[in-house]
Amino acid sequence: MAVAETQLYAKVSNKHRNKSTSSLLEPLLAKGFPAHIAQKALAATGQKTTEDAAKWLHSHCNDPSLDDPIPQEYALYLCPTGRLHNYLQEFWKESKNQCGRNRAHEIFPHITLCDFFTCEDQKVELLYEALNRVGESFSQCFPPFLSLSLHSSTSYLGFFVGDSHANILKEFAMAFSAEASALADCHVKPCQKQVHLTLAHRFYPHHQKTLEQLAKSINPGEACQWVAALYSRDMRFVHYQTLRVVFQYKPQNIDELMINSGDFIYVDPTQQSDVSEGWVIGTSHRTGCRGFLPENYTERANESDTWVKHREYAFVPASRFFTQTENEPSVKLNGEINPVMSRNVSNILSVQNTTLRRGLLVMRHGERVDQVFGKSWLQQCLTADGKYYRADLNFPSILPKRRDSMKHFEYDPPLSCCGIFQSRLIGEALLEQEVAVSSAYSSPALRCIQTAQHILEGLKLDRKVKIRVEPGLFEWTKWEASRLIPNFMTVTELTEASYKIDTSYRGNFPLSSLVPSETYEEYVSRSSTVIKQIVTACPSKGKCVILIVGHGSSLASFTRPLVGLPARESSDFAQAVRKIPSLGMCFCEELKEENKWQMVNPPVKTLTHGANAAFNWRNGILDD
């Protein structure tokens, strides 16, 4: 397509995007909706179609905030499209896989022109007009490509826009600010700082080199059409966490929330302390209703997943008289020119992953009986003469024999039958992924030893790898209900009960050294010391995985010191632990050449399932 034809197409296209929205409001008013509510629905759906707005109104019929005069917040971003956008999306994906989430993953690739500001619902259409006017006035002077240089620090990685091009973008932002103020009476703050496109932000310092290596595969000179886009968000939930629903849940009680797969839920982390374990309280993005929902029916979403795109102005790049070859320099790192890499991000990762590395898989135990049947579970399944019987199919078929009283099981409970199934399933999944477990360590708690046993059985390694019982892996003793160290089964008793125990192993932390109600500092110190001793004792040659089966507290207390991170504050630690489900796991990988460890994605996903309440067939079936 010729340049003149392309520009004409863009002009017509931009005009089409900015058509009047008054025709959208009239059908809603005709249906009897008040003007302010109809305008709110149009603003919340991007003023696209009457059908979208009507659907939003239907979904929000029980929204307690429907009548509240709370406007949307708007931001103006410059977004790349075309091949550059594809490279950036690939970087987003691979940086998340390699190094985990960082702040940049919350939002799509963009350059901020104007940060968030408010606009009254009835004046949003005037914002579109402001964007179109300013876009038209800058269409001829907008640069055909942006000069981008890669800059890196211990907490930031991104492209800085060259000064001459940055000045044009700042002028564009200032012009939009002035136009929006004049037309829509909005106070818009244009970008006046260093103009940049963020690649990664607030990441762990030891991930810097990996992220830099991935960023070098992005050629900022790739063909790109830049688009100035107007987005909105609900200002009430700016500091909330956004969750995506993965399974439908129908409320069982009046204070629970109806959720469908794909829904987004806003959750305030500061309001979860009094909520029952395994549940959260949140507000539905789809309906505006608030209530409780099972946390394991959701996964973390990105902040921008609930944003609405309103209008955009596309800048047409002028013809370029040459294209950059692979031999030409393109990416600048802090001012130094580096050659373009012919390999893409995936190729770099495949080379990195071929190195044989040690891994550490830290896992919480499976479902325990008292988690289902409460602290008095033992009384439910003991006869008058003290013999065990199976009161429910989720109780274990038998309890292992121990020389002392069976009452000690109360504070050292076994897995439920579902917990055994969970553990075996995880082991089979690890086998499918060819995870080479070379050694297994367990907390002395029976539930942990059983979990390790069934994982190894699922891996078909129960005859090759024996379980090393390590007292130092026990959870924070302050959380013990009895305020005493539980009376654990001995190695001899465990072996007689057919658990594959390494009887020659001598723990790094003697059982007698566990202190009741230890301080948080004592627990952190114990955990850090023990995990480093375990890692040091395991062979460092070849690719092998050390399996650690512990408690919810184990995931943070064993991995953070290994990757060089400080311990959390005790209050933050407790809040994080309560969200860790049965068989929740973390995985660390050794970078031997750099003499450090890094957190990466676990080899398998965790197991999610719903509750299954006790049922008496007489109730509701036989009885009236």
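Relevant structure appears above.
If you're wondering where the values come from, they're calculated on a predicted model, not measured in any experiment.

Analysis parameters
Residues numbered from 1 in each chain as written. Predicted model: local features only at pLDDT ≥ 70, side-chain atom pairs only at ≥ 80, totals over all residues. Heavy atoms only, no water. Axes fitted to C-alpha atoms, helices over the stretch in contact; angles between N-to-C directions. Helix = DSSP H or I, 4+ residues; strand = E, 2+ residues; numbered from the N terminus. Left-handed = near helix turned anticlockwise from the far one by under 90°. Contact = heavy atoms within 4.5 Å. Nonpolar A, V, L, I, M, F, W, Y, C, P; charged D, E, K, R; others polar. Buried < 20%, exposed > 50% of the residue type's maximum accessible area, 1.4 Å probe, protein only. Phe/Tyr/Trp six-rings, centres within 6.5 Å; stacked < 30°, edge-to-face > 60°. Pairing = 2+ DSSP bridges. Disulfide = S-S within 2.5 Å.

## Some remarks on the packing of helix 15 (residues 520–537) against helix 16 (residues 554–562)
So, point 1. The interhelical angle for the contact between helix 15 and helix 16, taken along N-to-C directions, is 65°, at an axis separation of 9 Å. Where helix 15 crosses over helix 16, the two elements pack in a sense that is right-handed. Two secondary-structure elements touch here, helix 15 through Tyr-523, Ser-527, Ser-528, Ile-531, Lys-532 and Val-535 and helix 16 through Ser-554, Ser-557, Phe-558, Pro-561 and Leu-562.
So, point 2. Of the residues that constitute the contact of helix 15 with helix 16, the class distribution is six nonpolar, four polar and one charged.

## Details of helix 16
So, point 1. A large share of helix 16 lies buried, amounting to eight of its nine residues.
So, point 2. Among all positions in helix 16, only Ser-554, Leu-555, Ala-556, Ser-557, Phe-558, Thr-559, Arg-560 and Leu-562 are buried.
So, point 3. Looking one or two residues past helix 16, Gly-564 carries a phi angle of roughly 85°, positive in sign.

## What about unusual backbone geometry?
So, point 1. One non-glycine residue, Glu-434, adopts positive backbone phi at about 55°.
So, point 2. Considering the arrangement of structural elements, one finds Glu-434 in the loop between helix 12 (417–432) and strand 16 (437–442).
So, point 3. Looking at Glu-434, the relative accessible area reads 70%, which means it is exposed.
So, point 4. Backbone geometry at Lys-460 places phi at a positive 60°, although glycine is not the residue there.
So, point 5. The exposure class of Lys-460 is exposed, given its relative accessible area of 62%.

## Some remarks on the environment of Ala-567
So, point 1. Its location among the elements puts Ala-567 in the loop between helix 16 and helix 17 (570–577).
So, point 2. Judged by its relative accessible area of 45%, Ala-567 is partly exposed.
So, point 3. Spatially, the C-alpha atoms of Ala-567 and Ser-557 are 7.2 Å apart, while their sequence positions differ by 10 residues.

## Remarks on the packing of aromatic side chains
So, point 1. A complete count under the given rule lists 31 aromatic pairs for this structure.
So, point 2. With a centroid separation of 3.9 Å and 5° between ring planes, the pair formed by Phe-142 and Phe-315 is classed as stacked. Here Phe-315 lies in the loop between strand 12 (308–314) and strand 13 (329–333) and Phe-142 lies in the loop between helix 6 (124–138) and strand 3 (148–152), a separation of 173 residues in the sequence. The pair Phe-142 / Phe-315 is uniform in exposure class, with both members buried.
So, point 3. When the ring of Tyr-523 is compared with that of Phe-573, the centres are 6.1 Å apart and the planes differ by 50°; the resulting orientation is tilted. In this pair, Tyr-523 is assigned in helix 15 and Phe-573 in helix 17, connecting sequence segments 50 residues apart.
So, point 4. Residue class for Phe-573 comes out buried when judged on its relative accessible area of 3%.
So, point 5. By the ring-pair criterion, three or more aromatic residues cluster together here, those being Tyr-77, Phe-108, Phe-116, Tyr-231 and Trp-307.

## Structural notes on the sheet that holds strand 19 (residues 585–591)
So, point 1. One open sheet accounts for six strands, arranged 17-16-18-15-19-20; its pairing is mixed. The sheet terminates laterally at strand 17 (467–469) and strand 20 (596–600), the two strands that pair on one side only. If you compare each strand with its neighbour and ignore which way they point, the axes differ by 25° on average.
So, point 2. This element, helix 16, spans strand 15 (359–364), strand 18 (545–550), strand 19 and strand 20 of the sheet and lies at about 160° to strand 15.

## Observations concerning the state of the cysteines
So, point 1. Applying the stated criterion across every chain yields a total of zero disulfides.
So, point 2. Here Cys-79 stays unpaired: no disulfide links it, and the sulfur of Cys-224, its closest cysteine neighbor, is 9.8 Å away.

## Some words on the sheet that holds strand 10 (residues 290–294)
So, point 1. As summarised here, the arrangement of the five strands in space is 10-9-8-7-11, forming an open sheet in which the pairing is antiparallel. The sheet is open, and its two edges are formed by strand 10 and strand 11 (298–300), each paired on a single side. For this sheet, the mean angle separating the axes of adjacent strands, direction not counted, is 45°.
So, point 2. As paired elements, strand 7 (residues 241–245) and strand 11 share three bridges and run antiparallel to each other. The residue of strand 11 that forms the bridge with Arg-244 is Glu-299.

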